[in-house]
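Secondary and tertiary structure notes
Here's the letter readout for the chains.
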Amino acid sequence: MTDDLTNAASIEAADQQYVMRPWPHPTGEPVIVAKASGCTITDIHGKEYLDLTAGYFVNNAGHCHPRIVEAATKQLHQVLQVSGKHGTVAVVKLAKRLIELGPPSLNKVFFSTGGSEANEFALKLARQGTKKTDVAYLENGYHGLTIGALEVTASEKYRESAGKPMGPENYAIPNAYCYRCKFGVENCSTQCLDGVEATLDARPKTAAIIAEIIQAVGGLAPPQKWWDRVDKIRKARGILLIADEVQTGLGRTGKMFAVEHYGLEPEIMTGGKGLSGGVGSLAATIASDALVKNFFGGTTPTNGGNAVSAAAGLALIETLEAEKLVDHCATMGRYFTEAAWALRDPWIGDVRFTGLLGGIELVANRDSKEVLGKGAIAKIKDGLHAAGMLITISGLYGNCLRLQPPLSVTPAQIDQFIGALRTVLNSVRSAS
Ligand code: PMP
C-alpha cells in the first residue's frame, strides 16, 4: 500500500526508513522543516524554532529572504544549468563580485557544488602550482567529508569514517586555542608555534598550509601576532596559504571574509555554504592568476556553477550590503557576548564570538576549566531544543554551544535565547 505522506507521523517514519543519516541524533532531531522565514523555522508539527544554525550556516541573510527568492525565481525562467564548461550571466556576475570583495591576491573563481569539493580543488591547485605534494593543516581544523578534504581534517573520528589509512603527505601543525593555552595567554609570545619552523623544514615538499582563519569548531580566533607569525613562516618557505572560508565567509565573522581581520592575502581561498543564497548548493575555489595560469583541472564539473544558485548568491551579497548585515553581525556578536557573560552562570567558561561565529564553552569548574560532562551537555541541548532553540554542539571536547543564527538576528531574539539558556542551565544543574 502506498502512503501519501500527508501527516507528520508518516513523514517522520518515512524519513527514518528511507533517508540515510549516519551520525548521532540528539533528541528531537532531525527536525523536518515545513517552512522557514528570517531566523525562524517551523517543523511539520507546527512547532517554531529560533534557528541558531542558520540552516547549517548557509542562510546568512535569514531563511527565504524576499530579495533572494525573487532573484532565484527570475533566474528560474531564464536558464538553470549549463555545466562548468559554459557560462551564464549570473555566474559571471558572481565571480566578478567575489573577486571585487575578496583579498587583492585573488583573481579567478572556480565554481563547484560544496565546501568539501572546493577544498579538494584547492589542494589540486596547490600541488600542481608548487609541484610539491604535502599539505599542513591546523589541529582542530575541519575541511570537509570527502576523502581528500578529510586528509587535511584533524578529527581522528571523522578521518576514520573513510575506512582507510590517510595518506602520509598531510600533517597537522598547532592551532591557537587560547582559552586552554598551555603557556598562559598573559605571556603570549606565540609559544605554541615554536616547533613549526622545524616541522615545515623537515617537510620540504610542503605545498600549502590549509586553514580556517578562525576555526569554526569552537570558534577559535587566534591573536593577530599568531597569524602574523604563521604568515611570515610560510612565506619565507614559499608555502601557499589556502584560506578555507566555507563557514567564515560572506559576513559570518563581522567582515565579508575572515582574512580581513588579520590582513592576510592567501593564494587560494575557498567558500561555500551561503554562496548559494541557500538555493541549491554552490562553492568556490578562488586563486591567484599565477596559480591558475598553467593549471590543468582535469575535466569539467557537471554542476560547476548553477545559474539559479549563482543568482541567489548574488542576491545574498546584495542583501548583506543593502541591509548592512555584516556590520550588524559584528554588533550582534558583541551583544551576544555581553548577554551570555551577564548570566554569570558557573558553567559558562568562555564566550567566544567573532561576529556571529562561535558560541559558549561550558565547563564543570571555571578555575580548572574541567570540561562539562557529556550527560549534562546532552541535557542542555535537549532542554534548549524543547524550548524551541535549534543549536548544534561543537568544540574539540564537544562542550561548546555553537550559536550561529542568520546575521539578521535581532537583540530581542538573542534575549529570547539567553532567557531559555538561563532556565535550562539552572534546571539541568539542580537535577544533577
Ligand atoms: N570547510 C569548512 C570550514 C566547513 O565548515 C565545512 C562544512 N561544515 C566544509 C569545509 C565542508 O563543506 P560542505 O559540507 O559543503 O562540503
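Residues numbered from 1 in each chain as written. Predicted model: local features only at pLDDT ≥ 70, side-chain atom pairs only at ≥ 80, totals over all residues.

The next subject is the site of the ligand. Taken together, 13 residues form the shell around the ligand, and within it Gly114, Gly115, Ser116, Val246 and Gln247 come nearest. In terms of residue count, the dominant contributor to the shell around the ligand is helix α5 (residues 115-130) (three residues). (Near = placed C-beta within 6 Å. Helix = DSSP H or I, 4+ residues; strand = E, 2+ residues; numbered from the N terminus.)

In spatial order, the strands read β1-β2-β3-β14; together these four strands make up an open sheet with mixed pairing. Strands at the two margins of the open sheet, each flanked by one partner only, are β1 (33-37) and β14 (389-390). Two elements, β1 and strand β2 (residues 40-43), share four bridges in a ladder whose sense is antiparallel. Residue serine 37 lies in a different strand from β2, and its bridge partner there is threonine 40. (Pairing = 2+ DSSP bridges.)

For the rest of this paragraph, the subject is the domain arrangement of the chain. The figure often quoted for interface size is the accessible area lost as the parts come together. Under the domain assignment used here, the chain contains domain 1 (8-61 + 324-431) and domain 2 (67-322). With centres defined by C-alpha atoms, the gap from domain 1 to domain 2 works out at 25 Å. Opposite the 27 residues of domain 1 that make contact, domain 2 presents 26 residues. For the side of domain 1 that touches domain 2, the elements supplying multiple residues, two or more each, are α2 (54-57), α13 (325-342), β11 (348-354) and β12 (357-365). The element best represented in the side of domain 1 that touches domain 2 is α13, accounting for five residues. Of the residues contributing to the side of domain 1 that touches domain 2, the split by class is 13 nonpolar, ten polar and four charged. (Domains from an automatic or database assignment. Contact = placed C-beta atoms within 7 Å. Nonpolar A, V, L, I, M, F, W, Y, C, P; charged D, E, K, R; others polar.)

The sheet built from seven strands is open, its strands ordered β4-β10-β9-β8-β7-β5-β6 with mixed pairing. Both edges of this open sheet fall to β4 (108-112) and β6 (170-173), since each of them pairs with a single strand only. With direction set aside, neighbouring strand axes in the sheet form an average angle of 20 degrees. Its contacts with the sheet place helix α4 (residues 89-101) against β4 and β10 (283-287), and it is angled at close to 125 degrees to β4. Packed onto the sheet, α5 meets β4, β5 (134-138), β7 (206-211), β8 (240-244), β9 (268-271) and β10 and runs at close to 20 degrees relative to β10. (Axes fitted to C-alpha atoms, helices over the stretch in contact; angles between N-to-C directions.)

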